[in-house]
Amino acid sequence: MNKKIEIQELGHKDYKETWEYQEQLFKEILDIKVKNRREEAGLKTPNYFLFVEHPHVYTLGKSGDISNLLLSEEQLKEKDATFYKINRGGDITYHGPGQIVGYPILDLDNFFTDIHKYLRFLEEMVILTLAEYDIHATRSNGETGVWLDVGTPFARKICAMGVRASRWVTMHGFALNVNADLGYFDNIIPCGIKGKAVTSLNVELGVERVNIDQVKEKLLKHFKVLFEAELREQKTEV
């Protein structure tokens with residue numbers, strides 16, 4: 001069992017490049033698990049947590065509905081945005097500047113083998129972080145992610161989540177709106193859920209910008225406790 005997690009800060013990175021890098025790390029862990037099973041090699045599997053900020057991009061999960069993208073190919077180009085159909089769960093979402101995107105690539109055999117618990121822990125990490133800004137965030141029954149004012153006409157989503165797991169190895173993750181341009185969400189039906197709004201931390205705090213590095217520090221603090229992990233940080237170029 002290895003509870004060490006390497007934190008990699010990828011900076012501003014193209015979505016497809018980052019997706020391919022995720023796949024590389026994901027395969028690395030799976031290959032070690034296969035070797036251990038076949039040869040009883042006893043090798044420890046590594047764990048990673050990637051932080052990244054993407055250019056404007058829309059991604060559609062494997063069970064998503066393309067009709068939830070409200071833009072044509074030409075309109076995407078006009079908005080300097082790209083689109084990918086990908087292999088995570090969930091429907092459509094947006095990533096862009098001012099958003100903290102986190103991709104934990106973990107071997108859950110090192111922690112616990114329960115994907116629902118894993119998602120709830122990711123949500124709890126965000127909920128506890130927002131509480132440090134005096135924002136009361138919660139879960140919404142039947143809807144993955146983190147929400148504000150659930151059960152009211154003002155319900156709005158501040159953090160989207162979608163993951164993939166195979167043999168208890170995870171990839172993809174969460175997107176927390178910190179200083180996001182919310183206008184880009186008008187071009188989709190976020191997560192396929194009609195009639196609910198999206199918000200950002202800076203909007204909720206009534207400020208122009210929130211320090212993203214400080215938010216990351218708080219996220220990692222709570223992640224470390226929840227997963228009982230040992231974190232190692234490094235800057236990385238993909």
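Let me begin by describing the structure that accompanies this report. (Residues numbered from 1 in each chain as written. Predicted model: local features only at pLDDT ≥ 70, side-chain atom pairs only at ≥ 80, totals over all residues. Heavy atoms only, no water.)

On to the packing of aromatic side chains. The tally for this structure, following the rule as stated, stands at 14 aromatic pairs. A centroid spacing of 5.2 Å and a plane angle of 15° characterise the contact between Tyr-94 and Tyr-184, whose relative ring orientation is stacked. Pair noted here: Tyr-94 is in strand β5 (residues 92–95) and Tyr-184 is in the loop between β10 (169–177) and β11 (197–198), with a separation of 90 residues, a long-range link. For the pair shown, Tyr-94 and Tyr-184 are each scored as buried. When the ring of Phe-111 is compared with that of Phe-227, the centres are 6.0 Å apart and the planes differ by 85°; the resulting orientation is edge-to-face. Taken together, the residues span a long stretch of sequence, with Phe-111 in the loop between β6 (99–105) and α3 (115–131) and Phe-227 in helix α5 (residues 212–227) at a distance of 116 residues. The class of Phe-227 is buried, set by a relative accessible area of 1%. Counting every residue linked through ring pairs, the aromatic cluster contains Phe-49, Phe-51, Phe-111, Phe-112, Tyr-118, Phe-121, Phe-174, Phe-223 and Phe-227. The aromatic ring of Phe-112 is capped on one face by Lys-117, whose charged end is 4.5 Å from the ring centroid. Above the ring of Tyr-133, the side-chain terminus of Lys-218 is found at 5.6 Å from the ring centroid. (Phe/Tyr/Trp six-rings, centres within 6.5 Å; stacked < 30°, edge-to-face > 60°. Helix = DSSP H or I, 4+ residues; strand = E, 2+ residues; numbered from the N terminus. Buried < 20%, exposed > 50% of the residue type's maximum accessible area, 1.4 Å probe, protein only. Lys NZ or Arg CZ within 6 Å of the ring centre and 35° of its normal.)

Despite not being glycine, Arg-167 shows a phi value in the positive range, around 50°. Positionally, Arg-167 belongs in the loop between β9 (156–166) and β10. Relative accessible area serves as the criterion here: at 47%, Arg-167 is assigned to the partly exposed category. Here the phi dihedral of Glu-228 falls at roughly 50°; this positive angle occurs in a residue that is not glycine. Topologically, Glu-228 is positioned in the loop between α5 and β12 (230–235).

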